[in-house]
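What follows is the residue order along each chain.
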Amino acid sequence: MTVKQRREADRGQPLITCRNLWKIYGPDPAGLLKAHGGKPAAQAIRDSGHVAAVNDASIDISEGEILVVMGLSGSGKSTLMRCLCRLVEPTSGTLRVDGQDLLAMDERQLIEIRRSKMGMVFQNFALLPTRTVLDNVAFPLEMRGQRTAERHERAREMIRLVGLEGREQYFPRELSGGQQQRVGIARSLAIEPDLWFLDEPFSALDPLIRREMQDEFLRLQAMLGKTIVFITHDFDEALRLADRIAIMYEGEVVQIDTPDKIVLQPATDYVAKFTREIPKARVVHVRSLAEPLDGEVPDGPALQGDATIASVARTIVQAGRPYLPVLDETGQPTRRLDCGRALALLFGEEEAA
Amino acid sequence: MTALAPTTHLGRDAEAGLRPRHKALLLLGAFVALVALKHLLPAGLVRPPDWVILPVGQWLSAAFEFLREDLGLEAVTRLFAGFVAWHLEILGNLLLGGRGGLGLPALPWTVIAVSGFMIGYALQGWRLAALSGGVFVYLALFGQWRYAMETLSLIAVSAPLAVLAGLALGIAAARHPRLEAALMPLLNVMQSMPHFAYLIPVVVFFGVGDHAGAVATAIFATPPMVRMTLLGMRRLPPEVVEAGMMAGATRWQRLRHVEVPTAREDILVGVNQVIMQCLAMVVIASFIGAPGLGYRLLLALQSLKIGTALELGVSIVLIAITLDRCSKAWVERRPVHDAAERPWHERHRTLLVWLGLVALAFAAASLHPWAYEVPRRQALSTAPFWDAIVDWTTVALFEPAHQLRTMLSLHVLIPLRDLYLYLPFAAVALAAAGGGYLVGGLRSALVCLGFVAFVALTGWWDRAMITLYMVSFAVFVCLALGLPLGIWASRSDGRGRRVLLLCDTFQTFPSFIYLIPMVMLFQVNDVAAIGAVIIYAMIPIVRYTVEGMRSVPSSLHEAVRMAGADGRQRLLNMELPMALPHILVGINQTIMFALFMVIIAAFIGTQDLGQELMRALSANDIGKGLTLGLCVASIGLLFDHILTEWARRRKAALGLA
Ligand SMILES: Nc1ncnc2c1ncn2[C@@H]1O[C@H](COP(=O)(O)OP(=O)(O)O)[C@@H](O)[C@H]1O
Ligand SMILES: [Mg+2]
């Protein structure tokens, strides 16, 4: 938690800023946008035989943040991510990465920025079948012309980082799925990217392995503190990993918020449907429910703001009081928790917003 | 889904089946009427009238003349010919010695044999090593060395050319859809052109000799490489390509480090096809003076030395099997990691053993001349053995073969040929268009009509009908024998596998080979030609029947069995309909194989398009040769269109596609 707090504290400028980003597939995407003044309605898009894979997305991603993009399959998650690194050419919109206009870059500049700043992990690993683990991991370094000894040293370091030492000379097909994805992760980190894109990295893995890989991912991120865009269709995974969650529906980013807010204040019915089955008390933090003091500090055991409701449930029930004090980052009881609301959340009763 | 498929298919037939059937009957009626009322038809409907016949051949000749002289293409081809000839000379120098080039003595046969052995070992292991090493030993000991090396050096020059050209074209086509759109029809036509049609332009531009043979071979072998490269590029997982881009690879880096290595298997399958096509073509390129086993075979057949022909045929077959197995082993070879950090000499043991064996072979060659070259006079020969077989068959089988031949000729082939020649042009056009219409509607009807019209307009109608009669008779026999054989073979796992393996092996033999036993049995005539066509064209129908029958899912077998269907009902109502798309592909290939073989069989005297092609070849008539080639291609593409369309529909109806 401490790393996360530190990151939240010194979260600075947005590293990625996109405004009104569109990606439309179909016979004449540009013409369609033009005909509708840059904002065609869903009906108009469908009627003209187009698909809006990304529909008017405006997102800021801060340095060191983990943004998880969620949505059903076909909702445009992958396309959004590929627009952000320009693997897919957006139909319109603006996109700045680290202060530079990504959409204005020519091929050379794009290659340059990918060689120095970006790494991507793929759902089906996308390893090169004819190369050993070592050469796969060293591949991005090789592309930018690093000498063999140097890049192998770095690659070995990465392989150690993801816990695959001893497998350097293996070929991808000789590894299990989880191990292959570790190679994919090592490869994407080899160039020390600032921006780390992960497109459903654990979806192709068995549930147990997936859990293990999530832990691995959190461990790495605690060490490295990258800016991350992470795609998943698994809400539990999103809740475990996210600083913020962006929920997509038919190309549109319908809500982008912290997990607490998504659970407590779903922006649309669609988002609400997503969160319905979730044990909310395990997601929501005390500080999200905390309210200003009504004059004096209530009696009873003080709660940490960054604890989840579920983790303090026993304390709340045993205290048996209407309100409990909540400590802020400096350890002062500056706010209080309405125990009735907390219990309602705990028992899954619907809140009247 | 599959379990429901046959029901839907039957259901569709029941509700919508009457109308197509009526149409078919109507068309058949019209066809019969046209044939029966031939004497009432105006002459223009019986045969294409003279005034519509276009001088296609002259146009093509003029076009090539223009290319050659006015555009100066000849300078380019001459340069290229020099390049090819230089490579051939160096290779010939290495393998055979003498002949200028580097001026080095030839490599001892033992060196080449141990190299073959080690290549087999490195690619797959002991068994392949024994095969490839053994074949070289056989070639050396049985006096076939020189011819085999000539053939191999031609392949060694033309196969890399074809691979490089195919790779480049395939990659370019994958990048540029327009190029692909232009290339695909060209490839279709090229792959339906008979071997001979390639020879004539090559002679015109490159003259005759080994370099011309190599060029013709390379051109002939390029199309499958283009196709496999394109397929491989299309099948690249998009994520892998994206991984290359995200690694900051430039276009060239992506091609070299990501796309080509990832498409490795498809590309190597293409290499296998190139090698086999090269071997098939090299044999035929002997017609334009390419030396080697094919040339010897040609001479032997021309002078009816059947024993020698058989001996040469065996060598070609052995080389075919070796090349096929080795290149397939290369496809399947997947890298395996080194268990531990082993020292250099252990990791490269195969290389070191090879070097050791080569040194040993050189030493042996310097000690005893026979380890250097087995003199032809001293060599063992299987010819007496084959001669004995030939003698025996001529004595023992002469009567039955003779009777069969006479019977076939008199009562089947000649009447059938006369019937085909009797058919009025309009009836044939109607049949083709009608067939197209039944499987693919108006568009297909027009396409089919176009193919017929092309043949008619070139003025080769009667010759084409003779080709058609031979092809259709051969295909009929192939189906009559091949379908039951395939069904029988598919009845058990082991049998199916063995028959498929047999088909695989037979398919690697150059088609020319199949003429040898037929000439032995029937001498030189139509019956021998058709016999060779039948044997060769039987391969695909058997293989696809087996594959189709075995593609029926076992759950469906169980379901139908539970429904109480007996064996015959199962076969007719479930297995055959389900296997039909496969079988149609098989029929398509059988027709193609038959067409190719009929043309090759012209060599032993037929009266069809192939015969005219041979004449065009000896007269260097490029226009006539290409026109005839295109006529053959038209016939092939006509059937191809109908059968592909039909197979596609059946597949869609079965929910397989
Ligand atoms: N190259 C393409 N051409 C046409 N449509 C596409 C293409 N790529 C994606 N789409 C469409 O865009 C939508 C979003 O796809 P994608 O971003 O892959 O979704 P997700 O990753 O959320 O499953 C889908 O409806 C898909 O069919
Ligand atoms: Mg996706």
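Residues numbered from 1 in each chain as written. Chains lettered and ligands numbered in written order. Predicted model: local features only at pLDDT ≥ 70, side-chain atom pairs only at ≥ 80, totals over all residues. Heavy atoms only, no water.

Description of the overall build of chain A
The secondary structure content of chain A amounts to 15 helices and 14 strands. Along the first, second and third principal axes, the C-alpha set of chain A runs to 65 × 60 × 35 Å. For chain A, the residues scored as buried account for 51% of the 353 residues in total. When contacts within chain A are restricted to residue pairs at least 6 apart in sequence, those whose partners lie at least 24 apart make up 66%. Approximately 16100 Å² of chain A is accessible, and the part contributed by carbon and sulfur atoms is 48%. A gap of 4 Å separates the mean positions of the 45 positive and 51 negative side-chain charges of chain A. (Helix = DSSP H or I, 4+ residues; strand = E, 2+ residues; numbered from the N terminus. Buried < 20%, exposed > 50% of the residue type's maximum accessible area, 1.4 Å probe, protein only. Contact = heavy atoms within 4.5 Å. Areas by Shrake-Rupley, 256 points an atom, 1.4 Å probe, with all protein chains shown as cover. Lys, Arg positive; Asp, Glu negative; His and termini not counted. Charge placed at Lys NZ, Arg CZ, Asp CG, Glu CD.)

So, the domain arrangement of chain B
Quite often, the size of an interface is put as the accessible area lost when its parts meet. All names here are of chain B. According to the domain assignment, chain B contains domain 1 (2-61 + 386-653) and domain 2 (81-106 + 143-304). Spacing between the C-alpha centres of domain 1 and domain 2 amounts to 29 Å. At the junction of the two partners, domain 1 supplies 27 residues and domain 2 supplies 28 residues. Interface of domain 1 and domain 2: buried area, both sides summed, is about 2400 Å²; carbon and sulfur atoms make up 90% of it. Counting the surface domain 1 buries against domain 2, the share from its top three residues, F512, F596 and L617, is 25%. Summed over the shared surface of domain 1 and domain 2, the number is 0 salt bridges. Linking domain 1 with domain 2 are 0 residue pairs in polar contact (both at pLDDT 80 or more). Taken together, the elements giving at least two residues each to the side of domain 1 that touches domain 2 come down to α23 (515-522), α26 (567-601), α27 (609-618) and α28 (622-654). (Domains from an automatic or database assignment. Buried area = accessible area lost by both parts, 1.4 Å probe. Salt bridge = Lys/Arg side-chain N within 4 Å of Asp/Glu carboxyl O. Polar contact = N/O pair within 3.5 Å; in protein donor to acceptor, adjacent residues only side chain to side chain.)

Overview of unusual backbone geometry
Within the chain, E200 of chain A stands out as a residue other than glycine whose phi angle is a positive 45°. The phi angle at L304 of chain B is positive, at roughly 55°, despite the residue not being glycine. By secondary structure assignment, the location of L304 of chain B is in the loop between α15 (293-302) and α16 (306-332). The partly exposed category is assigned to L304 of chain B, whose relative accessible area is 46%.

What to know about the packing of aromatic side chains
The tally for this structure, following the rule as stated, stands at 27 aromatic pairs over all chains. Residues F506 of chain B and F509 of chain B carry aromatic rings whose centres are separated by 5.5 Å and whose planes lie at 80° to one another, so their mutual orientation is edge-to-face. Classification of F506 of chain B by relative accessible area gives partly exposed; the value is 36%. For F509 of chain B, a relative accessible area of 10% puts it in the buried group. An aromatic cluster of three or more residues is present, and its members are F506, F509, Y514, Y536 and F593 of chain B. The ring of Y170 of chain A is capped by R167 of chain A, whose NZ or CZ atom sits 5.1 Å from the centre of that ring. The ring of Y422 of chain B carries the charged tip of K38 of chain B above its face, separated from the ring centre by 4.0 Å. (Phe/Tyr/Trp six-rings, centres within 6.5 Å; stacked < 30°, edge-to-face > 60°. Lys NZ or Arg CZ within 6 Å of the ring centre and 35° of its normal.)

Quick word on the nonpolar core
By size, the foremost hydrophobic cluster in this structure holds 180 residues, and its most contacted members are F196, L199, F287, L297 and F512 of chain B. Residues within four places of L297 of chain B in sequence aside, it is in contact with V283, A309, L312, I316, F512, I513 and I516 of chain B. Counting residues in hydrophobic clusters, the runner-up holds 65 residues, among them L198, I228, L303 and L324 of chain A. (Core = buried A, V, L, I, M, F, W, Y, C linked by side-chain atoms within 4.5 Å.)

Focus on a nonpolar patch on the surface
Residues and elements named next belong to chain B. On the surface, W344, L351, L352, W354 and L355 cluster together into a nonpolar patch covering about 460 Å² of accessible area. Here the nonpolar patch takes 4 residues from helix α18 (residues 349-367), the largest share from any one element. Within the secondary structure, W354 sits in helix α18. Classification of W354 as partly exposed rests on a relative accessible area of 32%. (Patch = residues over 30% accessible without salt bridge, like charges linked within 9 Å, V, L, I, M, F, W, Y side chains within 5 Å.)

Quick notes on the interface of chain A and chain B
Every contact between the two is made by 31 residues of chain A and, on the other side, 24 residues of chain B. A buried area of about 2400 Å², summed over both sides, lies between chain A and chain B, and 61% of it is on carbon and sulfur atoms. Across the contact surface, chain A and chain B share 2 salt bridges. With its nearest N and O atoms 3.3 Å apart, the salt bridge here joins R251 of chain B to E107 of chain A. At the junction of chain A and chain B, the tally comes to 9 residue pairs in polar contact (both at pLDDT 80 or more). Looking at the side of chain A that touches chain B, the elements with two or more residues in it are α5 (107-117), β6 (118-121) and α6 (133-143) of chain A. Here the side of chain A that touches chain B gets 5 residues from one element, more than from any other, and that element is α5 of chain A. A per-class count over the side of chain A that touches chain B returns 17 nonpolar, 4 polar and 10 charged. (Nonpolar A, V, L, I, M, F, W, Y, C, P; charged D, E, K, R; others polar.)

What to know about α23 of chain B
All names here are of chain B. Counted residue by residue, α23 has 6 buried out of 8 residues, so it is predominantly covered. Buried within α23 we find L515, I516, M518, V519, M520 and F522. The inward-facing, buried residues of α23 contact α15, α16, α19 (383-422), α24 (526-550) and α26. Looking one or two places after α23, you find Q523, whose phi comes out positive at around 60°.

Details of the confidence of the model for chain A
One rule of thumb: low pLDDT means the predicted coordinates there are not for detailed reading. Model confidence for chain A is summarised by a mean pLDDT of 89, while 95% of its residues fall at 70 or above. Every residue in residues 1-7 of chain A scores below 50 in pLDDT, and together they form 9 contacts with partners more than four places removed in sequence or on other chains. (pLDDT = per-residue confidence, 0-100.)

Describing the sheet that holds strand β14 (residues 333-338) of chain A
All names here are of chain A. Strand order in this open sheet of 4 strands is β11-β14-β13-β12, and the pairing throughout is mixed. A strand with exactly one partner marks an edge of an open sheet, and here the two such strands are β11 (291-292) and β12 (303-304). Against the sheet, helix α15 (residues 339-346) makes contact with β11, β13 (323-327) and β14, and its axis sits at roughly 55° relative to β14, the strand it touches most. (Pairing = 2+ DSSP bridges. Axes fitted to C-alpha atoms, helices over the stretch in contact; angles between N-to-C directions.)

Describing the side chain of E575 of chain B
Take E575 of chain B: it is sitting in helix α26. Every residue in contact with E575 of chain B, bar those within four places of it in the chain, is listed here: R491, M549, V552, H557 and R570 of chain B.

Quick word on the pattern of salt bridges
Oppositely charged side chains can form a pair if their charged atoms are brought close together. According to the stated counting rule, one finds 39 salt bridges over all chains in the structure shown. A salt bridge links E157 of chain A to R154 of chain A, with the shortest nitrogen-to-oxygen separation between them at 3.2 Å. A residue pair is termed a helical-turn pair when its members lie 3 or 4 positions apart in one helix, as E157 of chain A and R154 of chain A do in helix α7 (residues 148-161) at 3 residues. On the basis of relative accessible area, R154 of chain A is assigned to the buried category, the value being 16%. Here D324 of chain B and K328 of chain B are joined by a salt bridge, their closest N and O atoms 3.2 Å apart. With D324 of chain B and K328 of chain B both in helix α16, this residue pair falls 4 residues apart, about one helical turn. The class of D324 of chain B is buried, set by a relative accessible area of 4%. The exposure class assigned to K328 of chain B is partly exposed, which follows from its relative accessible area of 31%. Put simply, E65, R68, E69, E74 and R78 of chain B are held in one network by salt bridges that share partners.

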